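Architecture at a glance
Spelled out from the first residue to the last, the chains are:
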Amino acid sequence: MSGAYKKVNRGVTLTLWERLYFPEVIRGVLIAAGHFVPNFVSVTKAYFGGKPSDRKIMTIYYPEEKPVLPEAYRGKPVLVRARDGRGKCVACGLCEVACPPKCISIVGGQREDGTRYPVTYVLNGAVCIFCGFCEEACPEEAIVMSDRYEGLCEYDRKPMVYDKEALLVPEEKLTRRLDYIRRRMYGKWNY
Amino acid sequence: MADIFPGPDIFPAGMLPSLVEMMAKIIFIFTMNMGVFAPLLGWVERKQSALMQDRIGANRADILGFTVFGLLHTLTDAIKLLTKEDFIPEGADRPLHYLAPFIAVVPALIAFAVIPFGGQYDLWGHKTNLVIADLDVGVLFVFAVASISTYGSVIAGWASNNNWSLLGGVRVAAQMLSYEVAMGLALVGIFMVYGTLRLTDIGVAQENFLHWGIFLQPLGFILFITCALAENKRTPFDIPEAESELIAGYFTEYSGLKFAMFWMAEFLEMVTISGVLVALFFGGWQIPFVSGAALARLFGFLGPNLAQVAVMLVHVAVFWAKILLWIFILMLIRWTLPRFRYDQVMKLGWKIILPLSLINILVTGLVMLLVK
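These figures come from a predicted structure and were not determined experimentally. The residue count restarts for each chain, going from 1 along the sequence in the order it is written. Here chains are named by letter from A upward and ligands by number from 1 upward, in the order in which they appear as written. In keeping with the model being predicted, local features are shown solely for residues with a pLDDT of at least 70 and side-chain atom pairs are shown and tallied solely at 80 or more, while totals for entire chains, interfaces and linings include all residues. The side-chain values count all of the structure's non-hydrogen atoms but skip hydrogen atoms and water molecules.

1. Quick look at the interface of chain B and chain A
Interfaces are often sized by the accessible area lost when the parts come together. Our working definition: Residues are treated as being in contact if the distance between any of their heavy atoms lies within 4.5 Å. When two parts are brought into contact, each loses some accessible area as probed by a 1.4 Å sphere; the total of that loss over both is the buried area. Only one rule defines a salt bridge in this text: a Lys or Arg side-chain nitrogen within 4 Å of an Asp or Glu carboxyl oxygen. Between N or O atoms, a polar contact is any pair within 3.5 Å; within protein, one atom must be a potential hydrogen donor and the other a potential acceptor, and residues adjacent in sequence are included only when both atoms are from side chains. Under the scheme used here, helices are H or I runs from DSSP no shorter than 4 residues and strands are E runs no shorter than 2 residues, and both carry numbers assigned from the N terminus.
With 18 residues of chain B at the contact, the number on the chain A side is 20 residues. Summed over both partners, the interface of chain B with chain A comes to about 1700 Å²; 74% of that surface belongs to carbon and sulfur atoms. It is Leu 51, Ile 56 and Phe 69 of chain B that lose the most area in chain B upon contact with chain A, and together they represent 33% of the buried surface on that side. At the junction of chain B and chain A, the tally comes to 0 salt bridges. The tally of links from chain B across to chain A stands at 3 residue pairs in polar contact (both at pLDDT 80 or more). The set of elements that each furnish at least two residues to the side of chain B that touches chain A consists of α1 (15-52) and α12 (304-336) of chain B.

Okay, here's the thing in structure tokens:
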């Protein structure tokens, strides 16, 4: 039967030292130990009165510790409440148009001083796909993607339909994202 | 004593201290194995493997917010296993199915009887020898008993009426047969060098650091630890239970406490292997460069008897520290190496380790002849 089978060349050629196996076993065990010892030291240090960041392990104890999200993270879309207490939105409807799943619906109105504002601004969180197009479309920096990712799920669809009050967030809390938009997005699209 | 136990030879003089000594030793070894190592090694395995792989490991179980490094998972494991249904599959051989875990776990405990965890001490005129059974065939007893635990796995595989279990059982039989031979031959060199099979004598002979088994028999040590890993049925040699091939091998059809017993047998075997390794190759209870007499002089201010007690405690602590180190190394190996293929296991056993152990015997004999 010799020659009846095809010999597969896996492209692996081992030196004699590697084929001895035993030295390579020791090398592998030492690599594993090299991971164990620093991790052991750092975890013990973090446990006894150290900071969580003392752990050299990437894992985050989630409910107790929260991850630091990158500024590009797209969480729940929110409306920006300017420092004078008004929303920045002028009800132009660009976000409504830009929204791929059509989850935003706005009814615009006009204040006595002539500025426009949304009478109702409804964002259906159950439909939103967190794409951030509304943020890109907005000419007023009025709707931005926040870093909020908790409490967005409900057992019922009704509470997921956010009205204006549920969406408005003070501008001070969104400076990080607003800075990011100005720095990155405007630079990218060359406004 | 005579009042309580009348009659000539029922309770001869000097028997009470021996009895107390024996009971103390048995209880000590039993608690160490069943009370400390069997439950704790599960935790050690989880945590060590986690840290080796840059993970954190089990840490969710807590009492009032205290997780104690995930130690409480041991407790929850125990509760879970105790309250689980004890399932016996249809068509299983019920008596054998019941018997198998016991056959697996008991030898692992018994084998520790001949391993000395300390030297000989003269306590208040009573000679104390820190080994439960000082047999003159010491190591052979370990081999014999370890082979019996193989029956547990084979019977479990047969009695479960499950294809995976049967395959696992067959693999256990094949693997144990192959490695038992090589394991015995790998240790012949040690017996030749020390001229005895008695583990206490081997321990005494290793008082000089340079006479430790690892220096006199380096090849024998490598061969023995390889065979011991194979006997332990843990990862590089875990083809009998190979999860990805055989679900859980011979204990696929076990649940609850019986499953826990197989699990415990594995850990206890690991302790026993570490014990044999320490006793044969790593100087047993001896501290490098510090003889028992020197230690006794160091503790001389306590008076002769208490000094002996102190020396005894130090030696016992050193022995268990060495065992812990070896368990650490065995775990490192287990979580580093991938599983061998079946033919690789057989090839390694019969074509590499067996000839090498024979060569080791030959070379040892030649060297001894030349040195003498």
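Back to the write-up after that little detour.
2. Regarding the sheet that holds strand β6 (residues 168-170) of chain A
All names here are of chain A. Which entries qualify depends on this criterion: Note on pairing: DSSP must find at least two bridges between two strands before they are called paired. For helices, the fitted axis covers only the stretch in contact; all axes are lines through C-alpha atoms, and the angles between them, taken along N-to-C directions, range from 0 to 180 degrees.
Within the open sheet, the 3 strands sit side by side as β4-β1-β6. Their pairing is mixed. Whereas interior strands pair on both sides, the edge strands pair on one side only; in this sheet they are β4 (143-145) and β6. When strand polarity is set aside, the average angle formed by the axes of neighbouring strands in this sheet is 50 degrees. Sheet topology note: the strand β1 (residues 77-81)/β4 ladder contains 3 bridges and is antiparallel. In the strand pairing of β4, Pro 77 is matched with Met 145.

3. A closer look at empty space enclosed by the protein
All names here are of chain B. What counts, and what does not: The method works on a 1 Å grid over the protein atoms by themselves. A cavity is a set of points holding a 1.4 Å probe that cannot get out, a pocket is an open set with protein on both sides within 12 Å along at least five of seven lines, and residues with an atom within 4 Å of a point line them. Grid points are joined across faces, edges and corners, and a volume is the space filled by probe spheres set on the points. Residue polarity is assigned by list, with Asp, Glu, Lys and Arg as charged and Ala, Val, Leu, Ile, Met, Phe, Trp, Tyr, Cys and Pro as nonpolar; anything else, Gly included, falls into the polar class.
Taken as a whole and assessed by the stated rule, the structure comprises 5 cavities of 30 Å³ or more. Estimated volume of the largest cavity: approximately 210 Å³. Residue lining of the largest cavity: 18 residues in total, with Val 142, Ala 146, Glu 269, Thr 272 and Ile 273 positioned closest to the centre. A class-by-class count of the residues in the lining of the largest cavity yields 11 nonpolar, 4 polar and 3 charged.

4. What about the layout of surface pockets?
Its volume calculated, the largest pocket comes out at about 1400 Å³. Every residue lining the largest pocket is counted, 39 residues in all, and those nearest its centre are Leu 20, Tyr 21, Phe 22 and Val 25 of chain A together with Phe 340 of chain B. At the level of secondary structure, the elements contributing two or more residues to the lining of the largest pocket comprise α1 (16-19) and α2 (22-47) of chain A together with α8 (218-232), α12 and α13 (342-371) of chain B. Here the lining of the largest pocket is composed, by residue class, of 30 nonpolar, 2 polar and 7 charged.

5. Digging into the pattern of salt bridges
For the record, the criterion: Here the term buried applies to any residue with accessible area under 20% of the maximum for its type, exposed to any over 50%, and partly exposed to those in between, with areas from a 1.4 Å probe on protein chains only.
This structure, assessed with the given rule, holds 22 salt bridges over all chains. In this structure, the salt-bridge partner of Arg 83 of chain A is Glu 171 of chain A, at a minimum N-O distance of 4.0 Å. Remark: Glu 171 of chain A occurs in the loop between β6 and α6 (175-189) and Arg 83 of chain A occurs in the loop between β1 and α3 (94-98); sequence separation between them is 88 residues. Given the relative accessible area of 11%, Glu 171 of chain A is considered buried. Put simply, Glu 45 of chain B and Arg 234 of chain B hold a salt bridge, and the shortest N to O gap is 2.5 Å. You can see Glu 45 of chain B sitting in helix α1 and its partner Arg 234 of chain B sitting in the loop between α8 and α9 (243-246), a full 189 residues away along the chain. Accessibility classification places Glu 45 of chain B together with Arg 234 of chain B in one group, the buried group. Through salt bridges that share partners, Arg 83, Lys 88, Glu 141, Glu 171, Glu 172, Asp 179 and Arg 182 of chain A make up one connected network.

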